[in-house]
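Letter by letter, the chains look like this.
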Amino acid sequence: MSEREPEHNESTDEEVWLDLVARLEHMDASEPVHPEPDHSAGAPDAAAPRGSGETGEATQSRDPAAPTPAERTRAIFENQPLASAGPRDYTSEDDEDDGRFVPPEPPPLGTGEPLVVLSWLGTLAGPLLLLVFAMFWRSAPLPVILGTIAVFAGSAAYLLFRLPQHRDEDDDGAAV
């Protein structure tokens, strides 16, 4: 007959989790972490150091005035200063820049050059208008169709004319 693992349910998992959190809150950051051995399964105590009589439990020699790891984490996420700052908790009052890139505010829409915006509109709308004519207005007069083609061609030509005329041979394109 084979032994089966005991079934885990949410109540025992929750108790184990709360016990783990409680033990970690009372540990000092400099103490080594030794998990408590599971004696219920009959497994040998592999977590205890060899040759010592300890059971692997962490000692409770923490300064009561020092913040717990949970308090330190909470203070970091809420941008609050800790009561007792450590060597890694240094922040200067005048140090506003935290090193993150903040992009400049984009210009409002519609502030481009009017001729360029109209050229893009003509370039994009010309073929779509010809497609609509072909699908829904088969008897469109020839001047309307030729005018649409002329608007498209003129708009595309203006956009191509606005492209840079020369290229720097030393530029590899890596600079922004």
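Every value quoted in this text rests on a predicted model; they were computed, and no experiment measured them.

Caption draft 1: The arrangement of the overall build of the protein in detail. The helix and strand inventory of the protein stands at 4 helices and 0 strands. Surface accessibility of the protein: about 15800 Å² in total, with carbon and sulfur atoms responsible for 61%.

Caption draft 2: View of helix 4 (residues 142-161). The first and last C-alpha atoms of helix 4 sit 28 Å apart over 20 residues, in line with the 28 Å expected at 1.5 Å per residue. Every buried residue belonging to helix 4 is among Thr148, Ser155, Ala156 and Leu159, and all of these are buried. Projection of helix 4 onto a plane perpendicular to its axis shows the buried side chains occupying an angular sector of 95°, all on one side. In this structure, helix 4 carries Leu142, Pro143, Leu160 and Phe161 as exposed residues pointing more than 90 degrees from its buried face. Looking at the buried side of helix 4, the elements it contacts are helix 3 (114-136).

Caption draft 3: Inspection of the pattern of salt bridges at higher detail. Under the counting rule described, the total for this entry stands at 2 salt bridges. Put simply, aspartate 19 and arginine 23 hold a salt bridge, and the shortest N to O gap is 3.3 Å. Of this pair, aspartate 19 and arginine 23 both sit in helix 1 (residues 10-25), 4 residues apart, roughly one helical turn. Residue arginine 162 is joined to glutamate 113 by a salt bridge in which the shortest nitrogen-to-oxygen separation is 3.0 Å. Here glutamate 113 lies in the loop between helix 2 (69-77) and helix 3 and arginine 162 lies in the segment after helix 4, a separation of 49 residues in the sequence.

Caption draft 4: Local environment of the side chain of threonine 123. Within the secondary structure, threonine 123 sits in helix 3. The exposure class of threonine 123 is buried, given its relative accessible area of 15%. Those residues in contact with threonine 123 that lie beyond four places of it in its chain are Phe152, Ser155, Ala156 and Leu159.

Caption draft 5: Quick look at the environment of leucine 146. Relative to the assigned elements, leucine 146 resides in helix 4. Residue class for leucine 146 comes out partly exposed when judged on its relative accessible area of 48%. Considering only alpha carbons, one finds leucine 146 and leucine 130, 16 residues apart in sequence, at a separation of 9.8 Å.

Caption draft 6: Region of the structure containing helix 3. A rise of 1.5 Å per residue sets the reference length of helix 3, with its 23 residues, at 33 Å; its end C-alpha atoms lie 31 Å apart and thus fit the reference within 8%. Along helix 3, the largest kink reaches about 30° and is centred on alanine 125; proline proline 127 follows within four residues of it. Each element contacted by the buried residues of helix 3 is listed here: helix 4.

Caption draft 7: Broad picture of the packing of aromatic side chains. Counted by the stated rule, this structure contains 1 aromatic pair. A ring pair is formed by phenylalanine 133 and tryptophan 137, whose centres lie 5.3 Å apart and whose planes are at 75°; its orientation type is edge-to-face. Judged by relative accessible area, which is 11%, phenylalanine 133 ranks as buried. In this structure tryptophan 137 comes out as partly exposed when scored by relative accessible area, which is 38%.

Caption draft 8: Summary view of a nonpolar patch on the surface. A cluster of nonpolar residues, Leu128, Leu129, Leu131, Val132, Met135, Phe136, Trp137 and Val144, forms a patch on the protein surface that exposes about 780 Å² of accessible area. With 6 residues, the single largest contributor to the nonpolar patch is helix 3. Along the chain, the position of methionine 135 falls in helix 3.

Caption draft 9: Structural context of the confidence of the model for the protein. Looking at the protein, the pLDDT average stands at 75 and 60% of residues meet or exceed 70. The weakest mean pLDDT in the protein belongs to helix 2 at 74; the strongest belongs to helix 4 at 97. Ignoring residues within four places in sequence, the model shows residues 45-58, a span with pLDDT below 50, making 13 contacts including any to other chains.

The rules behind the values
Residues numbered from 1 in each chain as written. Predicted model: local features only at pLDDT ≥ 70, side-chain atom pairs only at ≥ 80, totals over all residues. Heavy atoms only, no water. Helix = DSSP H or I, 4+ residues; strand = E, 2+ residues; numbered from the N terminus. Areas by Shrake-Rupley, 256 points an atom, 1.4 Å probe, with all protein chains shown as cover. Expected span 1.5 Å × (residues − 1). Buried < 20%, exposed > 50% of the residue type's maximum accessible area, 1.4 Å probe, protein only. Arc of directions from axis to C-beta. Contact = heavy atoms within 4.5 Å. Salt bridge = Lys/Arg side-chain N within 4 Å of Asp/Glu carboxyl O. Bend = angle between axes of the 7 residues up to and from the residue. Phe/Tyr/Trp six-rings, centres within 6.5 Å; stacked < 30°, edge-to-face > 60°. Patch = residues over 30% accessible without salt bridge, like charges linked within 9 Å, V, L, I, M, F, W, Y side chains within 5 Å. pLDDT = per-residue confidence, 0-100.

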